[in-house]
Amino acid sequence: MTRRNRVVLVCVLGLVAGTVAHFVDRAGHADALTFLAAGLVLGELLALRLEDRSALPLSYAVLVVLASSFSLREYAIAVLGAQLVSILLRTTDHSRTWRLTIFVERVAVAAATYAAYQGAWHLLGRREQVAPVLGALAAAAGAQLLVDVSASRLFRLGASFEARGRLAWLAIASSGMLMAIGYRGVNGDGRVGIWGPLLFSTPLLAAWYAFERLDEATRSYRQTIEALAMAPELGGMVPPGHAERVATLATAMGEQLGLSDTDVRDLEMAALLHHLGQVTLDEPVDERGADPAEVTAVTGAMLREIRPLVAAGEIIAGDVDDPKRRLAVQALRLASEYDDLTARDNVPGDLAVESLRSAPSYVYDERVVVALERVLRDRISAGR
Amino acid sequence: MSPFPRQLRWFTVAVFAVAVGAELFLARREGLPSAGALAVLAGLVLLSAQMLVRLRDGVLLSPGLGVCMAAIVVFRDEQSLLGAMLVCSLLAVRPSYFSKASWGWLPFNAGVSALSFLAAALVYGTLPSATTGSALYFVLTAIPAAFAYMLVAWALLLLSYVVEGTSSWREVLGGLLPSGAEVLPFAVLGFLLGRLYLSLGPAVMLLIIVPILIAREMFASYMRVKESHDETVGMLIRALEAKDRYTSGHSERVADYARYVGEELNFMPARLERLRFAALMHDIGKLVVPNQLLNKPGRLTPEEFAHVRVHEKVSVQMLSHIDFLRPIAAASDSDHTRFDPDDPDHPIEPYIVMIADAYDAMTSTRAYRKALSQDVAFRELRDKAGIQFHPACVEALIHAIEQRGEKHGDGFERDAEFDNAPVAGLGSAGLGDLLENEASETSPSS
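Residues numbered from 1 in each chain as written. Chains lettered and ligands numbered in written order. Predicted model: local features only at pLDDT ≥ 70, side-chain atom pairs only at ≥ 80, totals over all residues. Heavy atoms only, no water.

Draft legend 1. How the structure looks around the packing of helix α10 (residues 250–264) of chain B against helix α14 (residues 349–363) of chain B. All names here are of chain B. Where α10 contacts α14, the two axes come as close as 8 Å, and the packing angle between them is 130 degrees. Regarding the angle of α10 to α14, the classification is oblique. Where α10 crosses over α14, the handedness of that crossing is right-handed. Where α10 abuts α14, its residues His 250, Arg 253, Val 254, Tyr 257, Ala 258 and Val 261 lie against Ile 352, Val 353, Ala 356, Asp 357, Tyr 359 and Asp 360. For the contact of α10 with α14, the residue count by class is eight nonpolar, one polar and three charged. (Axes fitted to C-alpha atoms, helices over the stretch in contact; angles between N-to-C directions. Helix = DSSP H or I, 4+ residues; strand = E, 2+ residues; numbered from the N terminus. Parallel < 35°, antiparallel > 145°, perpendicular 65-115°, else oblique. Left-handed = near helix turned anticlockwise from the far one by under 90°. Contact = heavy atoms within 4.5 Å. Nonpolar A, V, L, I, M, F, W, Y, C, P; charged D, E, K, R; others polar.)

Draft legend 2. Region of interest: the nonpolar core. Counting residues in each nonpolar core, the largest one holds 240 residues, and the members touching the most others are Met253(A) and Met281(B). At 18 residues, helix α9 (residues 203–243) of chain B tops the list of elements feeding residues into this core. Sequence-distant contacts of Met253(A), defined by excluding residues within four places in its chain, comprise Ala331(A), Leu334(A), Ala335(A), Val368(A), Ala371(A), Leu372(A) and Val375(A). With five residues, the next largest nonpolar core counts Val289(B), Leu293(B), Leu300(B) and Val308(B) among its residues. (Core = buried A, V, L, I, M, F, W, Y, C linked by side-chain atoms within 4.5 Å. Buried < 20%, exposed > 50% of the residue type's maximum accessible area, 1.4 Å probe, protein only.)

Draft legend 3. The interface of chain B and chain A, seen in detail. Contact residues are listed per partner, giving 54 residues for chain B and 58 residues for chain A. Summing both sides of the interface, chain B and chain A together bury roughly 5,000 Å²; the carbon and sulfur share of this comes to 76%. Across the pair Glu305(A) and Arg238(B) runs a salt bridge whose closest N-O atoms are separated by 3.1 Å. At the boundary of chain B with chain A, the tally comes to six residue pairs in polar contact (both at pLDDT 80 or more). Listed by contribution, the elements that provide at least two residues to the side of chain B that touches chain A are β1 (53–56), α6 (135–164), α8 (180–200), α9, α12 (291–294) and α13 (302–320) of chain B. When residues of the side of chain B that touches chain A are assigned to their parent elements, the largest contribution, 25 residues, is made by α9(B). Here the side of chain B that touches chain A is composed, by residue class, of 37 nonpolar, nine polar and eight charged. (Buried area = accessible area lost by both parts, 1.4 Å probe. Salt bridge = Lys/Arg side-chain N within 4 Å of Asp/Glu carboxyl O. Polar contact = N/O pair within 3.5 Å; in protein donor to acceptor, adjacent residues only side chain to side chain.)

Draft legend 4. Looking closely at the packing of aromatic side chains. Residues and elements named next belong to chain B. Applying the stated criterion across every chain, the model contains 15 aromatic pairs over all chains. Taking the centre distance of 5.0 Å and the plane angle of 80 degrees together, the rings of Tyr 257 and Tyr 359 count as edge-to-face. Of this pair, Tyr 257 sits in helix α10 while Tyr 359 sits in helix α14, and the two are 102 residues apart along the sequence. Across this residue pair, the class does not change: Tyr 257 and Tyr 359 are buried. (Phe/Tyr/Trp six-rings, centres within 6.5 Å; stacked < 30°, edge-to-face > 60°.)

Okay, structure coming up:
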């Protein structure tokens, strides 16, 4: 079932269940609890995707609403029920272990949300005033952050707190607080009931839409670059997988060398595309192959015509002044030469490094060679 | 931002003057609104007016409308229509209006905003107050106010287009009607915000601004990535054309024709975008074909022809690497784009790209033959409809070209470089210099 169909299914079932609850329990708030539980399930299907492919579910915003307005028993029923339904609705391409891990993580976040809200609410004197209510809601949102990041590290789910991650947290936290205020009000003021979470989720949904578009566009762009990187390989100009291997090696070296995130990203692009220009050159008439200097010059010139790839083009052409970026140039060249020796000429890794060091044309900065050796050593230990 | 049209000068003066006149009248009658609410709400409107979020082509989302509706609720409590008018007129203040050519939009939009929201405030003022009563009743009161706003705003916009004389009122109304679906939820949201403001103070309103700011930031990043993608594909097209100068402009033209067909078949914008990329990149595999073969002046040997045809498989391989193009990657392989009426599940996009490709190949001059006339190309497409080409796509392309009044082919080429190209038959639209007896066996393709 596609995500869209799952979302529609949850909306329809949630609406039906909430309406039934309304007529069954006219005096109580079973209808609101049911609607919010459906909102939790919906929030599990819609998540803000981050740069490292992890995601933050919108359900965290709904948890804040529930934690601030319902008893522990009601809260537990809604959370566990919603999480069990979510397990069934999650795509089957995830392993059972992964689904179980997510379930445990979500329950931990839910428990922390409730505990933090109630704890802060008591600490702030249970005063029905704007500042204490906002404080308790902020504590609940903060606890979510703390537990999610810890659980992600513990279970290696990969959730990050980098730039896009921080914005995602902020969007979910502020929306959760607003939705909760709309639902419960303060001392009876501003209370609009279930309309609050429903309508005040609009900005969060706009943010979700934006995150989705950005994620799609980033993925497509990356795949287009990878497809272009395949061209010289499919044309038999370089060994299969060369670009991908060089990119992996060069970026790991870049990280070892302490390059900035931007420089590492540019280095990766440069590594993926460093042979692209070869496809535009006339095929050599003899067996010597294309002139590497000409390939470098043509590729560099091609990429420098595209704004986002200008830096990658400069790295390929070696046309940089900044000392850090000069290391990136060397990392690319060394990684490419190393891959030529090991993948094309079948030279064992340690001998390849030695031969690179002892070659008469040895021109590499020692730090770059050490970075290569470290990356290779890390790979070996990771393999064990 | 488009330059302000001269025809709208007097209309703008009139609308702005009426708005200012109404404000002066209200100032005399009501006195000035409270400075605190005015400052907070004006600040929020000014901030939100800068936070437009583009949801899809042409659809903009701004929290400004919601904040203006909130202002109506807040100032009703103070019995001040003037406060609502002043705050709402600030929705027109955007940095893009301060350029020399566009500043006229500022009084125009300020006037339209002030009068439209005045109408909403007047209607809301006639309804019984419900700021502390039932939430449902309160939400419902937003609806007549939103309709009053739309009625006045649309009437003024419609009138401005009539005065400008560039679009018919039907076209304008067609463009305005869908925006109604966005006004209503924002009106309701704004009313709830107003109620929260009255109950809990202005701090709560910041909570709604934060996610919208973040959405805007993410959209800006999305647009940047999209531009990067477009530029990269542009580089790819230039690289292809540098290799194969005989097909200069071919990819863009194929993308245009594919778009024509997609529009005729009522594709949604996202699907049109995928189709455009598939059409632009359908020859990507040519990157691996040696330049000497692509530019060989004489006939290609069968081995060479087979070598060149490999590019189709390579294109499929490369396009399949891109998720959103995978379902239509077959568009690059002529073996899989031949129309098959017995395969209803076959996506239509590859058929569209094939027809666009074939039409451009027939109507372009190549080194080895002159372009065919448009009539001949149309006849060829229709003759092969249902056999080689998807019939609906053929008719869609022909209809789109005729409706646009475009002429392609012999005598209408803009950049034909090959003056000495020989006249040849239909099948010669394919790669290389094909013999006449091969023409009947080979489908037109670039």
